[in-house]
Each structure stands twice: as C-alpha cells, then as structure tokens.
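# Reading the structure
What follows is each chain in one-letter form.
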Amino acid sequence: MPNISNRAQHMPPSPVRKLVPYALKAKQQGIKVYHLNIGQPDIETPETALNALKNIDLKVLEYALSEGNIEYRKALTEYYHTLGFSDLTPDNFIVTNGGSEALNFAISTLCDDGDEVIIPEPYYANYNGFTSTFNVHVVAVPSTIDTGFALPPIEEFEKKITEKTRAIVICNPGNPTGYLYTREELQKLAEIALKYDIVVISDEVYREYVYDGKQQISMLDFPELSENCIIIDSESKRYSMCGVRIGCMLTRSKKIHDAAMLFAQARLSPVLLGQIAATAAHQNDGAYIRAVREEYTHRRNILVDLLNAIPGVICPKPRGAFYCVAELPVDDTEKFAQWLLEKYSLNKETIMVAPAGGFYSDPELGKKQVRIAYVLKEEDLKKSAEILKQALKTYREEFSL
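Rules used throughout
- Residues numbered from 1 in each chain as written.
- Predicted model: local features only at pLDDT ≥ 70, side-chain atom pairs only at ≥ 80, totals over all residues.
- Heavy atoms only, no water.
- Domains from an automatic or database assignment.
- Contact = heavy atoms within 4.5 Å.
- Buried area = accessible area lost by both parts, 1.4 Å probe.
- Salt bridge = Lys/Arg side-chain N within 4 Å of Asp/Glu carboxyl O.
- Polar contact = N/O pair within 3.5 Å; in protein donor to acceptor, adjacent residues only side chain to side chain.
- Helix = DSSP H or I, 4+ residues; strand = E, 2+ residues; numbered from the N terminus.
- Nonpolar A, V, L, I, M, F, W, Y, C, P; charged D, E, K, R; others polar.
- Pairing = 2+ DSSP bridges.
- Axes fitted to C-alpha atoms, helices over the stretch in contact; angles between N-to-C directions.

## Observations regarding the domain arrangement of the protein chain
Splitting the protein chain by domain gives domain 1 (6-44 + 287-399) and domain 2 (47-284). Once you take the C-alpha centre of each, domain 1 and domain 2 turn out to be 26 Å apart. Contact with domain 1, which involves 38 residues of that partner, is made by 33 residues of domain 2. When domain 1 packs against domain 2, close to 3100 Å² is buried across both sides, 60% of that on carbon and sulfur atoms. The shortest N-O distance in the salt bridge between Arg300 and Asp212 comes to 2.8 Å. Along the contact surface separating domain 1 from domain 2 lie 16 residue pairs in polar contact (both at pLDDT 80 or more). Elements with a minimum of two residues in the side of domain 1 that touches domain 2: helix 11 (287-308), strand 9 (323-327) and strand 12 (369-373). Here the element with the most residues in the side of domain 1 that touches domain 2 is helix 11; it accounts for seven residues. When the residues that make up the side of domain 1 that touches domain 2 are grouped by side-chain class, the tally is 22 nonpolar, eight polar and eight charged.

Below, the structure written as structure tokens:
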C-alpha cells in the first residue's frame, strides 16, 4: 500500500459535507432531506448569465489568460467603480476558480511553512483546509454567541501577533455567523496591520447581502492599506452561480499581485465558461441584487424567529450573508446531526445541518451549535423549523437530556 502524506492525514474534514453519505442513504430510503447545511441558494441565476452560456459562439474553448480574460476583468473593474473604488484597473485583479482559489493564492503568497494567520472565530471552516494545505497555523480570537458574535476587543488581536504572523483574515459579512463589521472595527484592524506590517485578507463574497438598512464597509475603504490588503471576492453567492467557479483576488499592491501571478500561471487558467457567464451577470442593473436581498431578509426573519421560539434554542439575528449560528439544547450537535439523518424523520422528512465544531479551532467551543443556511424558500424553512422542534423533543427524551 502506498504511503499517504502527513498533509493528507491532517487535512480537516468539511463540517458542511462530512455528513453527506448519511443524507444520501436517507434519500435512498425515501426520506426528503432539507439541506440547511450548505450555502447553495435556490435563487435563480440571472437570465443574462444563462443566456450567455446558451448562446456561446466559439469554435474552440481555449485557455483563458492566467490572470483572467480582459472582458471579465473589465466587468469587475466597472463593478468596483460603482462601489466607489475608481482607482482600480483590470491589472488589480487576478481571476480565480472560485473564492477558494483566491484564498489559496493569498495564503501561499504571504506565508511559508510554520507561519501564522489570525482569524476571529467561529470562521468559515475551509480556512482550516486552506491553511493546513500550506502548513500555516490558524491563531483564533474567539467571539461568543451571547454577544451575537461581535468582534472581540482589538487588544485580543494584538496579543496574538508574533514574529510568525503574516495576516489577519476576516469575512465581512461573516460566514458562519452573519456578523457585519463596523467601520470603527475595520479601522482598528487597519491600524494594527500597519503597525506590524502584516496584511488584512478580507473575504467579501457576501458583500451585497446585508440587512436592516446597513451597508458593508470594504477594507478597500482604507487607502492607507494599499500595500497591506487583499480582497477575496466571488460570483457564487452574489448571482447564485456557485457552479461556475469564478472569483477573484484583488489588491492594490503590485508586489503582492505579481507574486500571486506566479501561482496563477502555475495552475494555468481560470474557467473560460465561468468568466463568460460572470461577465454577462454583471450586466444586471441592480434590480436582481435588490430583489434577492429582500428575499433573504424575509427568509432570515422567518427562520430566526422560528428558531428562537423553540424551547432551549438561542439564535442571534445575523446582519449579513445568509447563515446563522444557533445553540441547541443537546449534548453534541455532531451526534445530533447524524441522528437526524440516520434515525429521525417527521412525515418522511428530515433536515441536514452543519455542526459548528468545524467552524472553531477548538471543536469543543461549537459542540452545542449548528450553522444553518437560510437559502431555501419560505415554505421549506417553516417545515425545517418544525422538524427541528419535534426532533429536539424526541432526541432529548431518547437520550434523557
């Protein structure tokens, strides 16, 4: 038998996908599974993007440029101009195969083996995977559910900085909590980055989806960070087109950009068809985004209110993205989530949730929490909440909790 690398043996499993075999088995047994575990919206992709794919008039599907084709980078530039960043040009962008590859480029550009990145937790679980791939260590700064996962005091970040620190990674608005950073919080992060000459990697893929009249503040709003900031962006959630696998890494720093380009060239090119679809999606006049934001606001309000009405459940109301983290009255949400798929159904229906342990550096911190994505229509969210309510009652009786 061949040896398996230490890197592979220590690669953390995805808390979002590790229970998929149990869900597949439940479906084979005739159980309908409501997928609250994954950020795959049921919102329709813009018609302009679908039509662009249907009407492709190419004789050869050739390699794209390593940095991304100019048509799409121009579309990105124009989009960012509408956000107020008129200094950006196509040369500031490297197009990637989803936001995931953009994060990989950022980490591999900044970090060597044994280096560290600071991340407020709970955080997007794949940050563990990206850092583990490059033998980079995550240094977590915990937030808590009782404060609605508000950013910990900035002093806590500064305490974690060592000679090995290369970056602070944030997601704004946040996955999994939906937390939305204030300008004051971001200003303090910018000041720390400059003080210690480290980089802020700001994952802003949910930028459009903030609620209650709030606005997302980008790290691009701090021009003093021109050499110390990387933006991660993606079309997956903005236009409900996760399958096109198109994102980008954006920086004003030519030094960082040119270094990242070496990794972009090594992987050859981003997806051509995805760029065609994404370019067309950006032709929308904003009506699409406004309608989707309104729909997510509605779904959030329904789901969070229903969750908090269940005895023992605590769920802060998120300000952005389309996730919430809920604390459940169970002993272990990993066990509970598997039980839901293996042992429980209500009228031949059950739910799939993401145990939150995988969103923490210490899984024990999320042992009683789950991440729930409100990406399903109102009727399905209401059914899901009822299933959860009845399942919790049955589970607590069965295990004498």
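## Things to note about the sheet that holds strand 9
The sheet built from three strands is open, its strands ordered 9-12-11 with antiparallel pairing. The outermost strands of the open sheet, each flanked by one partner alone, are strand 9 and strand 11 (354-355). In the sheet, strand 9 pairs with strand 12 via five bridges, with the strands oriented antiparallel. When the bridges of strand 12 are listed, Cys324 appears paired with Ile372.

## Considering the sheet that holds strand 4 (residues 137-142)
Pairing is mixed across the open sheet formed by seven strands, whose spatial order is 2-8-7-6-5-3-4. Two strands lie at the open edges of the sheet, namely strand 2 (93-96) and strand 4, each paired on one side alone. Adjacent strand axes in the sheet meet at a mean angle of 20 degrees when their direction is disregarded. As judged from the three bridges shared by strand 3 (residues 116-121) and strand 5 (residues 165-171), these two strands associate in the parallel manner. Note that in strand 5 the partner of Ile118 across the bridge is Ile168. The strands that helix 9 (residues 254-266) touches are strand 2, strand 6 (199-203), strand 7 (229-234) and strand 8 (247-250); relative to strand 2, the one it contacts most, it runs at about 25 degrees.

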